[in-house]
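Structural characterization, general
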There are 2 protein chains.
Amino acid sequence: MKIICTKSNLSKGVSIVSKAVPSKTTMPILECILIDASTDVIKLTANDMELGIETSIDGEIVERGIIALNAKIFSEIVRKLPDNEIVIETQGDSQVLITCEKAKFNIAAQPGDEFSYLPAVEKDDFITVSEFTLKEVIRQTIFSIADSDTNKMMTGELFEIEDNILKVVSLDGHRISIRKIELKDSYSPKKVIVPGKTLQEISKIIGGEAEADVDISFTRNHIVFEFDRTVVVSRLIEGEYFRIDQMLSSDYETKVRINKRELLDCIDRATLLIKEGDKKPIIIDIKDESMEFKIKSQIGSMDEEIMCIKEGKDLLIGFNPKFLIDALRVIDDEEVDLYFMNAKAPLFIKDEEQSYIYLILPVNFNAAI
Amino acid sequence: MKIICTKSNLSKGVSIVSKAVPSKTTMPILECILIDASTDVIKLTANDMELGIETSIDGEIVERGIIALNAKIFSEIVRKLPDNEIVIETQGDSQVLITCEKAKFNIAAQPGDEFSYLPAVEKDDFITVSEFTLKEVIRQTIFSIADSDTNKMMTGELFEIEDNILKVVSLDGHRISIRKIELKDSYSPKKVIVPGKTLQEISKIIGGEAEADVDISFTRNHIVFEFDRTVVVSRLIEGEYFRIDQMLSSDYETKVRINKRELLDCIDRATLLIKEGDKKPIIIDIKDESMEFKIKSQIGSMDEEIMCIKEGKDLLIGFNPKFLIDALRVIDDEEVDLYFMNAKAPLFIKDEEQSYIYLILPVNFNAAI
């Protein structure tokens, strides 16, 4: 194989597919990027068996062929080469010569036939969203997936399509995040659980422009994202997602409208009195026209009042401040509405159209604080 | 004590003195910032017994007094408060109330009298350099001090003044960095060893403007930097610095003039074939009109040629590439001159006026590479 392409093209492609290279693995071939120049296009592929990414780049194919190179070494070499044309040429099956201007690198390679290609997926059933929208819904929900694998289902997000509505849900046992967006077309119903890691990586790769589209298609076990010159294939998480509808209620006893920035800054300030791992709640005392926030720890105490518009009963309630911060950070509205039932029932932060709903469970606290 | 000052003034002052707060200590008082409003100015001070910093800030003193606050908590609170006036008021000897708009923080405090003040230093003997120059000479020498404390002397830098010349020297056993600058005035001779940590912190605090001056004064055991509204006092390292003059020679057998950027990029590229901790040398083959760089490791091999202007003998010599990179990075010249004697003797990188001299020892290598 011998190919020639510019540093910038190669560099962009390598950075995209590198997102699917596992950081730890016992199989050296999975740490590789496959360069496939066996047809008329140069394709780069990486695949950790859960998530696979393929992208094609412009360049000249002098001699057709396929080779796999260690992703880390290859990407570092590409990054540090001068901004000029790069020639990649195999020297037998186990060596590759990379040349750029007067710099010559010789590194080990692996034959391409050991590489696991992406599963072939028929794209008969797909929905279309803009890169911007996809990036936004991921950002606005991904923070409430669970980190650990103890409950696999919680490490993913529900993608549910009904008519022209895409609903994305994540939850971790203490909170639920829901985002609904309107699609341009209507589609047949679909319901899949996408691994959080896939969404995090997708979010890094897509540009986020409102004019660029992403086609999302589904098979029994996979979800496929296609955009620009890139295809991302990910396994789905198997099983039935949590039934969240019964947890959502539109009743409330107390409703508060408050400036989001003031609220977020206040809670953010309060957290500096809490050492990591310490589970001190922030206590919110809702009275007419004001919310008072209090926190007390070994470090000291904090007290702050914010003006608000209140409907309904007074309330004293406690929360893990991090959960409030996570939700408030991703809401773009200037004013937010908070709906409370009582000190034991979840808080709902949602807009009128319910395009977002953030449910957060309260925590017990010592009322004598 | 009760003082009022703006967030921005307080924040700037706290960030300056925080550089002298030790990250680890068994004495809680050393982790504090002292607020001294006992006279007509508000002074902030931190002191880890080696390095002490004092700065004064604008503000209103409502009630005179002194108090010490935990630096980390205090600076985080200041950072997160709204951009407005901040009131700091003692509540007895062990509590402080910090108020800004409607936010109120109560934190523990310590009485000021336990705090170690900066040593009083008479400023009768001082030199003046610009902030820019001081920052530059530190940047251009600090990389070759030794990290570890096995040889205390190597963790500092020599500051030597003779007439109107300030010479700054650092060395770590493998290399020596020397910078000479011309001062505006002539001074009586001085020779002190300044701890590297002091210089690193100074370098972060000073603005680096060419018009702003730093007064540097000396006592038997201390060096004092004064600039803007800040005073930095540091202990000196005791002892006699290494005699480096006998190591400096102006003889050479091979002289090379080469483009600095090309040289640096080439060596930088070569290092990606070396894993951390691996001591592979870069081999330089100097012939007429070109230098060839070679490196070989388990990862692969690299080979690159750069055009140069050579005088004298051909030479094959090996170096730790990191040492070459460190020196080349801080040289601002477009072209650099390298002076070699033989494969066992140090390389000198220096300009004609010898305003900088970088001496780097070569390493042995297997000539069969």
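Residues numbered from 1 in each chain as written. Chains lettered and ligands numbered in written order. Predicted model: local features only at pLDDT ≥ 70, side-chain atom pairs only at ≥ 80, totals over all residues. Heavy atoms only, no water.

**Let's talk about the pattern of salt bridges**
Residues and elements named next belong to chain A. To keep things clear, this is the line we draw: Whenever a carboxyl oxygen of Asp or Glu lies within 4 Å of a side-chain nitrogen of Lys or Arg, that contact is scored as a salt bridge. Starting at the N terminus, helices and strands are each numbered in turn, a helix being any DSSP run of H or I of at least four residues and a strand any DSSP run of E of at least two. The buried label goes to any residue with under 20% of its type's maximum accessible area, the exposed label to any with over 50%, and the partly exposed label to all in between, with areas taken from a 1.4 Å probe on protein chains only.
The final tally for this structure, using the stated rule, is 39 salt bridges over all chains. A salt bridge links Lys 204 to Glu 201; the nearest nitrogen and oxygen atoms lie 3.4 Å apart. Of this pair, Lys 204 and Glu 201 both sit in helix H4 (residues 196–205), separated by three residues, roughly a single helical turn. For Lys 204, a relative accessible area of 53% gives the class exposed. According to the relative accessible area criterion, Glu 201 is buried, its value standing at 12%.

**Considering the environment of Asp213(A)**
Residues and elements named next belong to chain A. Defined as follows: Any two residues whose heavy atoms approach within 4.5 Å at even a single point are treated as in contact.
Structurally, Asp 213 can be placed in strand E14 (residues 213–218). Residue Asp 213 is classed as partly exposed on the basis of its relative accessible area of 37%. Here the alpha-carbon distance between Asp 213 and Met 291, two residues 78 residues apart in the chain, equals 43 Å. Dropping the residues within four chain positions of it, Asp 213 is found in contact with Thr 128, Val 129, Ser 130, Glu 131, Lys 184, Glu 226 and Phe 227.

**Remarks on the interface of chain A and chain B**
Cut-off, in case you're wondering: Simply put, the buried area is the total loss of 1.4 Å probe accessible area from both parts when two parts are fitted together. Counting of polar contacts relies on pairs of N or O atoms within 3.5 Å, with two restrictions inside protein: one atom must be capable of donating a hydrogen and the other of accepting it, and residues adjacent in sequence are counted only when both atoms are side-chain atoms. Each residue gets one of three labels, nonpolar for Ala, Val, Leu, Ile, Met, Phe, Trp, Tyr, Cys and Pro, charged for Asp, Glu, Lys and Arg, and polar for the others, Gly among them. A strand pair is defined by DSSP finding two or more bridges across the two strands.
In this assembly, 26 residues from chain A lie in contact with 26 residues from chain B. The junction of chain A with chain B conceals about 2300 Å² of combined surface from both sides, 58% of it contributed by carbon and sulfur atoms. Counting every contact that joins chain A to chain B gives two salt bridges. A salt bridge links Lys80(A) to Asp268(B); the nearest nitrogen and oxygen atoms lie 3.1 Å apart. At the boundary of chain A and chain B, one finds eight residue pairs in polar contact (both at pLDDT 80 or more). Those elements giving two or more residues to the side of chain A that touches chain B turn out to be helix H2 (71–80), strand E9 (103–108), helix H5 (260–271) and strand E20 (300–307) of chain A. Looking at the side of chain A that touches chain B, the element that brings in the most residues is E20(A), giving seven residues. Counted by class, the side of chain A that touches chain B contains 13 nonpolar, four polar and nine charged residues. With five bridges connecting them, E9(A) and strand E20 (residues 300–307) of chain B associate as antiparallel partners. Its bridge partner lying in E20(B), Lys104(A) is registered against Asp303(B).

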